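The chain contents come next:
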Amino acid sequence: MNKRQKIGLGFGVLVLLLSQIAPTPYGLTTAGQSTIGLTLFFLILLVTEALPLSVTSLLTIGLTPILGVTERFEGAVAGFSHPVLFFIVASFGIAGAIMEVPVTKRVLLALFRRAGWRIERILLALMLATAGTSFFMSNVPTAAIMMTIALEFINLLEDGPAKRSIGKTFLIAVPVATMIGGMATPASSSLNLLALSLLEQYTGQTVSFVQWMAIGIPLVVVLLPFAWFLMIKVYKPAQVDPQMIAAYQETLQAQVKGPPGRKEVTVIFIILTMLVLWIASSWVPGIEVFTVALLGCVLFFLPGVRVLSWQKFLSGINWDIIFISGTVLSIAGALVQNGVSSWLVETLYPAHLTLPTPLLVGFAAVVCFVMLLMITSAPALITVLAGPFIAIAMLNGAPPALLIMALAFCACNCYLLPLDTVQLLTYSKGYYRMTDMGRSTVFLQIALVVLLAVWLPFMGGVFGF
């Protein structure tokens, strides 16, 4: 155990002990205070990697009933039965099927042919392909796939300043483009589905698949080019020999030689069918995004298809993410059940204050980004803030759906520091430091606050929210 891990473990235990002995703030229950303490303990251990990630999750689950956060162990593992967790599992299967065929590389090669040899254009091609892939699957598997493609290109370069410069830019750009693309549809990110499920749970209202697309895709179209501009201006990636670019394109060409085969056509057909069904769910109540994702994943295993084997599927699942996600969802449920959400309403927003809807949406977006610095887990943030935001919307006579969508979009773009699972995938490769990402992404978050404050109220009026 290194020094950082020892400090993290000690600090986490100290925070947990203080939550048990410190006076309870006004308006907060004892169980609520314990829940906050356990949440901070969990996050501190995750950020410092004081213990293996899955061990941290199991330890947190075991402490949950002991500390009175839940009455029984069943409450501590409630998050593991959440539909979002099954969507994440299905996303790994969908990603695995796509990796079995060269469809993504075909798209990337087509973009590279248009990009030429300039590194800026190649970066744009990579970000477009990443965001486009993120339209159809969850952020974590998308980032894993596109990181692999980016590393194929980076590893062609000789060790030196140019390789480090390009590696930093590309491996920051991949999670950023992934998260921006994750705003496009409800199925683009498990965070979107979590936000919608909470909206329906609290209000009985929902946002259809098509309505979400009409709101989310224009945001992607505006934000992605700005992100690309920031990447090249802030990090200034070095140029490389055009012959290196040509060699990489030849490598891709060799991998996608010839027309699509039966397996590739099958994968494309299944994914397009899933997309059609996701869109149809806007009008057909019996079709659910979770069901389509799960059954679509199962299709890849069936006789006559056989795109995936069970062994490859299991080996392709990041079990740390599964354990972390289930634990986060369990803690998030406890945060709501133990009154932390109600306490946050009174703390963050005075009952007598009223704002016009655009300012209210902007306020919600700012609160999300500030809270992400403390609650670095996006699913936990959504669950904690959904109730307060709905209450605030009702106090102001604003549609709750607008604040919930703002919450989902901001949680999706939690890239000020590489603390989310998506960024940690590329951060672990060692090409950039913890503080490098925020040099560009802080401007993206400011831009998103302004966009949401203008765009969401306008589209809310169009759809009659």
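Residues numbered from 1 in each chain as written. Predicted model: local features only at pLDDT ≥ 70, side-chain atom pairs only at ≥ 80, totals over all residues. Heavy atoms only, no water.

What about the overall build of the chain?
Then, number 1: Of the regular secondary structure elements, the chain holds 22 helices and 0 strands.
Then, number 2: Projected onto its principal axes, the C-alpha coordinates of the chain cover approximately 65 × 55 × 50 Å.
Then, number 3: Counting the 465 residues in the chain, one finds 55% classified as buried.
Then, number 4: Long-range contacts, defined as pairs at least 24 residues apart, comprise 77% of the intrachain contacts of the chain with a sequence gap of at least 6.
Then, number 5: For the chain, the accessible surface area stands at approximately 19400 Å², while carbon and sulfur atoms represent 68% of it.
Then, number 6: Looking at charge distribution, the chain has the averaged site of its 23 positive side-chain charges lying 9 Å from that of its 17 negative ones. (Helix = DSSP H or I, 4+ residues; strand = E, 2+ residues; numbered from the N terminus. Buried < 20%, exposed > 50% of the residue type's maximum accessible area, 1.4 Å probe, protein only. Contact = heavy atoms within 4.5 Å. Areas by Shrake-Rupley, 256 points an atom, 1.4 Å probe, with all protein chains shown as cover. Lys, Arg positive; Asp, Glu negative; His and termini not counted. Charge placed at Lys NZ, Arg CZ, Asp CG, Glu CD.)

So, the pattern of salt bridges
Then, number 1: Scanning the model with the defined rule gives 6 salt bridges in all.
Then, number 2: In this structure, the salt-bridge partner of Lys312 is Glu100, at a minimum N-O distance of 3.2 Å. Of this pair, Lys312 sits in helix α15 (residues 310-316) while Glu100 sits in the loop between α5 (83-99) and α6 (103-115), placing them 212 residues apart in sequence.
Then, number 3: A relative accessible area of 45% means that Lys312 is categorised as partly exposed.
Then, number 4: Between Glu264 and Arg106 there is a salt bridge whose closest N-O contact spans 2.7 Å. Of this pair, Glu264 sits in helix α13 (residues 262-280) while Arg106 is found in helix α6, placing the two residues 158 residues apart along the sequence. (Salt bridge = Lys/Arg side-chain N within 4 Å of Asp/Glu carboxyl O.)

Observations regarding the packing of aromatic side chains
Then, number 1: Taken as a whole and assessed by the stated rule, the structure comprises 7 aromatic pairs.
Then, number 2: Plain terms: the ring middles of Trp212 and Phe409 are 5.3 Å apart, the flat faces sit at 65 degrees to each other, and that makes the pair edge-to-face. Here Phe409 lies in helix α20 (residues 400-412) and Trp212 lies in helix α11 (residues 209-234), a separation of 197 residues in the sequence.
Then, number 3: With centroids separated by 5.3 Å and ring planes inclined at 85 degrees, the aromatic side chains of Phe301 and Phe313 adopt a geometry described as edge-to-face. With a gap of 12 residues between them, Phe301 in the loop between α14 (289-299) and α15 and Phe313 in helix α15 connect regions that are remote in the sequence.
Then, number 4: Three or more aromatic residues joined by ring pairs form one cluster here, namely Phe301, Trp310 and Phe313. (Phe/Tyr/Trp six-rings, centres within 6.5 Å; stacked < 30°, edge-to-face > 60°.)

Considering empty space enclosed by the protein
With a probe scaled to a water molecule rolled over the atoms, the places where space remains empty come into view.
Then, number 1: Taken as a whole and assessed by the stated rule, the structure comprises 2 cavities of 30 Å³ or more.
Then, number 2: What the second largest cavity holds in volume is close to 40 Å³.
Then, number 3: Sort the elements by how many residues they give to the lining of the second largest cavity and helix α16 (residues 319-337) lands first, with 4 residues.
Then, number 4: Here the lining of the second largest cavity is composed, by residue class, of 4 nonpolar, 6 polar and no charged. (1 Å grid on protein atoms, 1.4 Å probe; cavity = no way out; pocket = protein on both sides within 12 Å on 5 of 7 lines; lining within 4 Å. Points joined across faces, edges and corners; volume = space filled by probe spheres on them. Nonpolar A, V, L, I, M, F, W, Y, C, P; charged D, E, K, R; others polar.)

Focus on the confidence of the model for the chain
Then, number 1: Model confidence for the chain is summarised by a mean pLDDT of 85, while 95% of its residues fall at 70 or above.
Then, number 2: α11 holds the highest mean pLDDT among the elements of the chain, 94, whereas helix α17 (residues 340-348) holds the lowest, 71. (pLDDT = per-residue confidence, 0-100.)

As for unusual backbone geometry
Then, number 1: The phi dihedral of Lys236 is positive, around 50 degrees, even though this residue is not glycine.
Then, number 2: Relative to the helices and strands, Lys236 resides in the loop between α11 and α12 (242-255).
Then, number 3: A positive phi angle, close to 50 degrees, is found at Arg306, a residue other than glycine.
Then, number 4: Counting through the fold element by element, Arg306 comes out in the loop between α14 and α15.

Comments concerning the side chain of Asn396
Then, number 1: For Asn396, the position within the fold is in the loop between α19 (378-395) and α20.
Then, number 2: A polar contact of 2.6 Å, which involves the side chain of Asn396, links it to the backbone nitrogen of Leu355. (Polar contact = N/O pair within 3.5 Å; in protein donor to acceptor, adjacent residues only side chain to side chain.)

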